[in-house]
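# A look at the structure
Here is how the chains run, residue by residue.
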Amino acid sequence: MFCSNCGLELNEKQIHKALERDAKNADSVKYLSNALVVSKKYALKLKLNELKKELSKEEFNSKKQELKNELNSEIAAINAKKKDNDLNYFKSVLNINESRTNNTSDYFVCPRCGKLVKNNLDENDIKSLARAGHSEIHRGRNNISSGMCALMIGIILAIVGFMFLALSFKATNGGVLDTTCVEFYVFIFLVLFALCLLVYSFVSIFKGKNKIKRYELLLRNINNGAFHQ
Ligand SMILES: [Zn+2]
């Protein structure tokens, strides 16, 4: 399951954790009001994306201002309810008291972006998920290039490090390795640093490749209509 806002893939364990956290905070007015505000803002974002395609620039700007003012007054109302500690209001708006059945869709707060996530996606959610998928692929490419960069620097540092190792065999010491000289410490430092870089580079290349594979599959599934009910 994916968060349609940021594209985070949630496994069963994470979903369970998020649901548990939400359940634990079900009586926290602060938590519920934050969730509500975030989901209202998200709904506005989706709506604006839609309107941008339909309206001319002037129409869009005035409509945008109008919707923003509307949202601000809604948020003000939510904040007033928050101030009044009106727990029942938030519970009813967010359907917290709905008893769970087999058909209940899971609603919970995304651990990464804080938006309300649900498992049955509508048309807007799917569009937004596709967008999020594209940016995840972009992030994966960035991971790979920073990994490659670290790999190159790591290799160069390792080579320089071994040069210092060669310098540690002092002629004054009869050509024997001198482990107390400065060159030897530089060698140790450089090789350790290079090792860290190499580990980092392999991890990020692997992560990036994985991410690209996963989200390309997701986009393919979206294009094939696997997410449409
Ligand atoms: Zn998210």
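What counts and how
- Residues numbered from 1 in each chain as written.
- Predicted model: local features only at pLDDT ≥ 70, side-chain atom pairs only at ≥ 80, totals over all residues.
- Heavy atoms only, no water.
- Helix = DSSP H or I, 4+ residues; strand = E, 2+ residues; numbered from the N terminus.
- Rg over C-alpha atoms; globule rule 2.2 N^0.38 Å.
- Buried < 20%, exposed > 50% of the residue type's maximum accessible area, 1.4 Å probe, protein only.
- Donors = N, O, S within 2.8 Å, 3.2 Å for Na, K, Ca; no water.
- Tetrahedral: all angles 85-135°; square planar, octahedral: opposite > 155°, others 65-115°.
- pLDDT = per-residue confidence, 0-100.
- Phe/Tyr/Trp six-rings, centres within 6.5 Å; stacked < 30°, edge-to-face > 60°.
- Lys NZ or Arg CZ within 6 Å of the ring centre and 35° of its normal.
- Patch = residues over 30% accessible without salt bridge, like charges linked within 9 Å, V, L, I, M, F, W, Y side chains within 5 Å.
- Areas by Shrake-Rupley, 256 points an atom, 1.4 Å probe, with all protein chains shown as cover.
- Salt bridge = Lys/Arg side-chain N within 4 Å of Asp/Glu carboxyl O.
- Contact = heavy atoms within 4.5 Å.
- Axes fitted to C-alpha atoms, helices over the stretch in contact; angles between N-to-C directions.
- Parallel < 35°, antiparallel > 145°, perpendicular 65-115°, else oblique.
- Nonpolar A, V, L, I, M, F, W, Y, C, P; charged D, E, K, R; others polar.
- Domains from an automatic or database assignment.
- Left-handed = near helix turned anticlockwise from the far one by under 90°.

### Looking at the overall build of the protein chain
- Scanning the protein chain from terminus to terminus reveals six helices and four strands.
- In sequence order, the protein chain lays out its α and β elements as α-α-α-α-β-β-α-β-β-α.
- Its C-alpha atoms give the protein chain a radius of gyration of 27 Å, more than 25% over the compact-globule value 17 Å for 229 residues.
- The C-alpha extent of the protein chain, read off along each of the three principal axes, is 85 × 40 × 40 Å.
- Scored against the burial criterion, the 229 residues of the protein chain give a buried share of 36%.

### Notes on the coordination of the zinc ion
- Protein coordination at the zinc ion comes from Cys3 (SG), Cys6 (SG), Cys110 (SG) and Cys113 (SG), with a distance range of 2.3 to 2.4 Å.
- Of note is the zinc ion, whose four donor atoms meet at the metal with angles of 105 to 115° in an arrangement that counts as tetrahedral.
- Mapped onto the sequence, the residues coordinating the zinc ion show the spacing C-x2-C-x103-C-x2-C. In this pair, Cys6 sits in the segment before helix 1 (12-24) while Cys110 sits in the loop between strand 1 (107-109) and strand 2 (116-118), placing the two residues 104 residues apart along the sequence.
- Cys6 gets classed as buried once you look at its relative accessible area, which sits at 13%.

### Considerations on the confidence of the model for the protein chain
- The predicted model of the protein chain has a mean per-residue pLDDT of 85, with 93% of residues at 70 or higher.
- The secondary structure element of the protein chain with the lowest average pLDDT is strand 1, at 76, and the one with the highest is helix 6 (residues 182-223), at 94.

### Observations concerning the packing of aromatic side chains
- One pass over the full model with this rule turns up five aromatic pairs.
- The ring centre of Tyr89 lies 5.0 Å from the NZ or CZ of Lys81, which sits over that ring.

### Regarding a nonpolar patch on the surface
- The grouping of Met152, Ile153, Ile155, Ile159 and Met163 at the surface amounts to a nonpolar patch, some 470 Å² of accessible area in total.
- Inspection of the secondary structure puts Met152 in helix 5 (residues 123-167).

### Quick look at the side chain of Ser168
- One can find Ser168 in the loop between helix 5 and strand 3 (169-170).
- Note on Ser168: relative accessible area 0%, which makes it buried.
- With residues up to four places along the chain from it excluded, the contact list for Ser168 reads Val176, Leu177, Asp178, Cys181, Glu183 and Phe184.

### Details of the packing of helix 2 (residues 29-54) against helix 5
- Between helix 2 and helix 5, the least distance of the axes is 11 Å, while the angle of their chain directions is 85°. It follows that helix 2 is roughly perpendicular to helix 5 by the angle criterion. Residues Tyr42, Leu46, Asn49 and Glu50 of helix 2 form the contact with helix 5, whose participating residues are Asn124, Asp125, Lys127, Ser128 and Arg131.
- When grouped by side-chain class, the residues that make up the contact of helix 2 with helix 5 number two nonpolar, three polar and four charged.

### Some details on the domain arrangement of the protein chain
- For the protein chain, the assigned domains are domain 1 (12-122) and domain 2 (135-223).
- The distance between the C-alpha centroids of domain 1 and domain 2 comes to 43 Å.

### Some words on the environment of Gly154
- Among the structural elements, Gly154 can be located in helix 5.
- When its relative accessible area of 0% is taken as the criterion, Gly154 is described as buried.
- The sequence separation of Gly154 and Ala194 amounts to 40 residues, and the corresponding C-alpha distance is 4.3 Å.
- In contact with Gly154, other than residues within four places in its own chain, are Ala194, Leu197 and Leu198.

### Quick word on the pattern of salt bridges
- Counted according to the given criterion, the structure contains ten salt bridges.
- The salt bridge involving Glu136 is made with Arg112; its shortest N-O contact spans 2.5 Å. Here Glu136 is found in helix 5, whereas its partner Arg112 is found in the loop between strand 1 and strand 2, with 24 residues between them in sequence.
- Lys211 is paired through a salt bridge with Glu136; the nearest N and O atoms lie 3.7 Å apart. Note that Lys211 is positioned in helix 6 and Glu136 in helix 5, a separation of 75 residues in sequence.

### Re the packing of helix 5 against helix 6
- The geometry of helix 5 relative to helix 6 is characterised by a closest axis approach of 6 Å and an angle of 160° between their N-to-C directions. In terms of their interaxial angle, helix 5 and helix 6 are classed as roughly antiparallel. Along this stretch, helix 5 crosses helix 6, giving a crossing that reads as left-handed.
- Broken down by class, the residue content of the contact of helix 5 with helix 6 amounts to 34 nonpolar, eleven polar and eight charged.

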